[in-house]
Amino acid sequence: MDSPAQAAQPSAAASGSKLAIRTQALNLWYDTFQALFDVDLDVKQGIITSLIGPSGCGKSTFLRSVNRINERLGYVRTTGRVDVLGHDIYAPSVELVQVRKHVGMVFQRPNPLPLSVRENILFGLRVHADGEQRLDRERQGQIVQEALEQVLLWDTVKDQLGEPALRLSLEQQQKLCIARLLPLKPSVLLMDEPCSALDPQATSAVEELIWELRGRYTILIVTHNMAQARRASDECIFMLMGKVIEHGATDEVFVTPEQQETANYIEGRYG
Ligand SMILES: Nc1ncnc2c1ncn2[C@@H]1O[C@H](COP(=O)(O)OP(=O)(O)OP(=O)(O)O)[C@@H](O)[C@H]1O
Ligand SMILES: [Mg+2]
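Residues numbered from 1 in each chain as written. Chains lettered and ligands numbered in written order. Predicted model: local features only at pLDDT ≥ 70, side-chain atom pairs only at ≥ 80, totals over all residues.

1. Re the overall build of the protein chain
Part 1 of the argument: Across its full length, the protein chain holds 11 helices and 10 strands.
Part 2 of the argument: Its C-alpha atoms give the protein chain principal-axis dimensions of about 55 × 45 × 40 Å.
Part 3 of the argument: Classification of the 271 residues of the protein chain by burial places 39% in the buried group.
Part 4 of the argument: If you take every contact in the protein chain between residues at least 6 apart in sequence, the share linking residues at least 24 apart comes to 68%. (Helix = DSSP H or I, 4+ residues; strand = E, 2+ residues; numbered from the N terminus. Buried ≥ 20, exposed ≤ 12 C-beta atoms within 10 Å, placed from the backbone. Contact = placed C-beta atoms within 7 Å.)

2. Looking at the pairing of strand β8 (residues 218-222)
Part 1 of the argument: Extensive coverage of β8 is indicated by the burial of 5 of its 5 residues.
Part 2 of the argument: Burial of the side chains of β8 extends over both faces: Thr218, Leu220 and Val222 are buried on one face and Ile219 and Ile221 on the other.
Part 3 of the argument: Where strand β7 (residues 188-192) and β8 come together, 5 bridges link them in parallel fashion. Residue pairing for β8: Met191 is matched across the bridge by Ile221.
Part 4 of the argument: Where the polypeptide runs from β7 across helix α8 (residues 200-213) and back to β8, its parallel neighbour, the crossover connection is right-handed. (Pairing = 2+ DSSP bridges. Right-handed = clockwise from strand over helix to strand, strands pointing away.)

3. Quick word on the sheet that holds strand β3 (residues 48-52)
Part 1 of the argument: On the basis of which strands lie adjacent, the open sheet formed by 6 strands has the order β6-β7-β8-β3-β9-β10 and mixed pairing. A single partner strand is all that each edge strand has here, and the edge strands are β6 (103-106) and β10 (243-249). Taking the axes of each pair of neighbouring strands and ignoring which way they run, one obtains an average angle of 20 degrees across the sheet.
Part 2 of the argument: When β6 meets β7, the two strands line up parallel, connected through 4 bridges. If you follow Met105 over to β7, its bridge partner there is Leu190. (Axes fitted to C-alpha atoms, helices over the stretch in contact; angles between N-to-C directions.)

4. Some points on the sheet that holds strand β4 (residues 76-84)
Part 1 of the argument: Strands sit in the order β2-β1-β4-β5 across an open sheet of 4 strands; the sheet is antiparallel. Because the sheet does not close on itself, it has two edges, and the strands there are β2 (33-44) and β5 (87-88).

Here's what the structure looks like:
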């Protein structure tokens, strides 16, 4: 059987945009240090893809290059191409706010704003809203409810919408951080070890949520937790020292990896 990465190419070319993310010859340097080497990846739309590999192999760097967050650092240089839904996000005409709207990101530690639960959800819309797009209170209420329902948090926090988000548990805060991306109708959700600050029970609750979002969004998730990658992803990418070593259906990557380095990593022989 073709690896999914290979299989995706012809169908993507035929249909125009069955791919959520395509990178071609993506290289990235922090000053003189090269962190990504010729990364060619096709990430399919609507599925969950996990990104695994030892510490320092470039997982976060790769993720951050998909919403151009690396550019905050003045000393980062990127070459090659990153397309999101068929659009080159590094093209000079592209507005960064548009990229961030389509490609949301969740970090290791939940980072809600020091505002109420409700204001956290509405914040992105306020930042992105055009002048004429003022939402009345009823519509705002609907948006807040829909976002919280999608992250399975509505029933728990519906009576605490005016409370500071920072008073929620870590699990609830992380769900809220996912929820606040949703009113902007993103296509891609990038998650960088979203469960690493959570206890096992909270981890399974957030994993369950991620699975729930499958199909509605394309999810690219970094994890050090092999069990999580295996349980919670359709496809898996293994990286080593800034390069993609293997990309395929998760079951195949775990059960019959093509590369020896992948097998070594999965069997826990390094980092
Ligand atoms: N802001 C930065 N400035 C300079 N070098 C960096 C920066 N961020 C990452 N690096 C370097 O780039 C390489 C890749 O780092 P990255 O954080 O992407 O790895 P990672 O796979 O996410 O690791 P981890 O599993 O520990 O999170 C590492 O050698 C790291 O030291
Ligand atoms: Mg990282």
